[in-house]
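Here's the letter readout for the chains.
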Amino acid sequence: NLSISALDLPVSADGTDLGLAFDALTSEKILSGQPVTFVSPSASGKSIVSLGEMAAVSNNNGSGGKKITPLTRMVKAWIPVASGAVGGASVSTLKQYEFADIPILALYGDKDEMGKGVAQILVDSSGAKGVELEGRHAVYLDSPEEFVQEVMQYLDEEGL
């Protein structure tokens, strides 16, 4: 059973803003309140990275553990698409996804060097699966069928 909701936050949005939107969608019964899989193209990944930063502070800068944080309360899996915010995140922040057992599928276009770099950072720091598709920065527009196929295959592989 798959349900998809699109959420477009401003580029300036952080984890707190995402939490407010998540809670509003939960109160309106659009979301169940259970953690969800986030697909975050480009700049929208900033809010998910911010949740990792919040978790790192809560977990004493990367000590790990299974504390309930805004990250674990909201995120079941993360599919960043060339999210530049990853490049500015600390290793401690990015380790939070691995500590919380949050799987990551990092997608990027073969013509997007920044996206490729972001995916490699996530592979190295968080155990993400990196997948290159044909296309530019907005690879979901250049290879929409392959994009959806990769996302659905990943969700199936992860039991999501």
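Before reading on, note that the structure itself is shown above.
Computed from a prediction, not measured in an experiment: that's the story for all the values here. (Residues numbered from 1 in each chain as written. Predicted model: local features only at pLDDT ≥ 70, side-chain atom pairs only at ≥ 80, totals over all residues. Heavy atoms only, no water.)

Enquirer: Which residues make up unusual backbone geometry, and what values go with them?
Expert: In the Ramachandran plot, K29 falls in the positive-phi region, its phi being about 65° despite a non-glycine side chain. Following the sequence through the fold, K29 ends up in the loop between α1 (15-27) and β1 (36-41). Among the residues examined, K29 registers a relative accessible area of 73% and is labelled exposed. With a phi angle near 60°, D101 is a residue other than glycine that sits in the positive phi range. Mapped onto the elements, D101 comes out in the loop between α4 (91-99) and β3 (105-109). (Helix = DSSP H or I, 4+ residues; strand = E, 2+ residues; numbered from the N terminus. Buried < 20%, exposed > 50% of the residue type's maximum accessible area, 1.4 Å probe, protein only.)

Enquirer: So what's going on with the pairing of β3? Which residues, and what values?
Expert: When you tally the buried positions in β3, you get five out of five residues, the bulk of the element. Where β3 meets strand β4 (residues 129-133), five bridges bridge the pair, whose relative direction is parallel. Bridging from a neighbouring strand, L107 pairs with V131 of β4. The parallel pair β3 and β4 is bridged by helix α5 (residues 113-126), and the resulting crossover is right-handed. (Pairing = 2+ DSSP bridges. Right-handed = clockwise from strand over helix to strand, strands pointing away.)

Enquirer: Please set out α4 residue by residue, giving values where relevant.
Expert: Within α4, the full set of buried residues consists of T93, L94, Q96 and Y97. The buried residues of α4 occupy one face: seen down the axis, they fall within an arc of 135°. Once α4 finishes, D101 follows within two positions and takes phi at roughly 60°, a positive value. (Arc of directions from axis to C-beta.)

Enquirer: How would you sum up the layout of surface pockets? Please name residues and give values.
Expert: Within this model, the largest pocket holds a volume of roughly 1200 Å³. Forming the walls of the largest pocket are 41 residues, and the residues nearest its centre are I4, S5, T37, F38 and V39. Mapped by element, the contributors of at least two residues to the lining of the largest pocket are α1, β1, α2 (45-58), β2 (75-81) and α7 (144-157). Taken together, the residues of the lining of the largest pocket break down into 29 nonpolar, nine polar and three charged. (1 Å grid on protein atoms, 1.4 Å probe; cavity = no way out; pocket = protein on both sides within 12 Å on 5 of 7 lines; lining within 4 Å. Points joined across faces, edges and corners; volume = space filled by probe spheres on them. Nonpolar A, V, L, I, M, F, W, Y, C, P; charged D, E, K, R; others polar.)

Enquirer: Describe the nonpolar core, naming the residues involved and giving the relevant values.
Expert: By size, the foremost hydrophobic cluster in this structure holds 26 residues, and its most contacted members are F38, L71, V75, W78, V86, Y97 and L122. A per-element tally of this core places α2 first, with four residues. Counting eleven residues, the second largest nonpolar core, distinct from the first, contains I79, L107, F147 and Y154. (Core = buried A, V, L, I, M, F, W, Y, C linked by side-chain atoms within 4.5 Å.)

Enquirer: Just give me the short version of the packing of α1 against α2, but keep the residues and values in it.
Expert: Where α1 contacts α2, the axes come no closer than 7 Å and their chain directions differ by 105°. It follows from the interaxial angle that α1 and α2 lie roughly perpendicular. Contact residues: G15, T16 and L18 in α1; S47, I48, S50, L51 and M54 in α2. Looking at the contact of α1 with α2, its residues break down into four nonpolar, four polar and no charged. (Axes fitted to C-alpha atoms, helices over the stretch in contact; angles between N-to-C directions. Parallel < 35°, antiparallel > 145°, perpendicular 65-115°, else oblique. Contact = heavy atoms within 4.5 Å.)

Enquirer: Mind laying out the pattern of salt bridges, listing which residues take part and the relevant values?
Expert: Going through the model one piece at a time under the given rule, you end up with five salt bridges. Its salt-bridge partner being R136, residue D142 comes within 2.5 Å of it at the nearest N-O pair. (Salt bridge = Lys/Arg side-chain N within 4 Å of Asp/Glu carboxyl O.)

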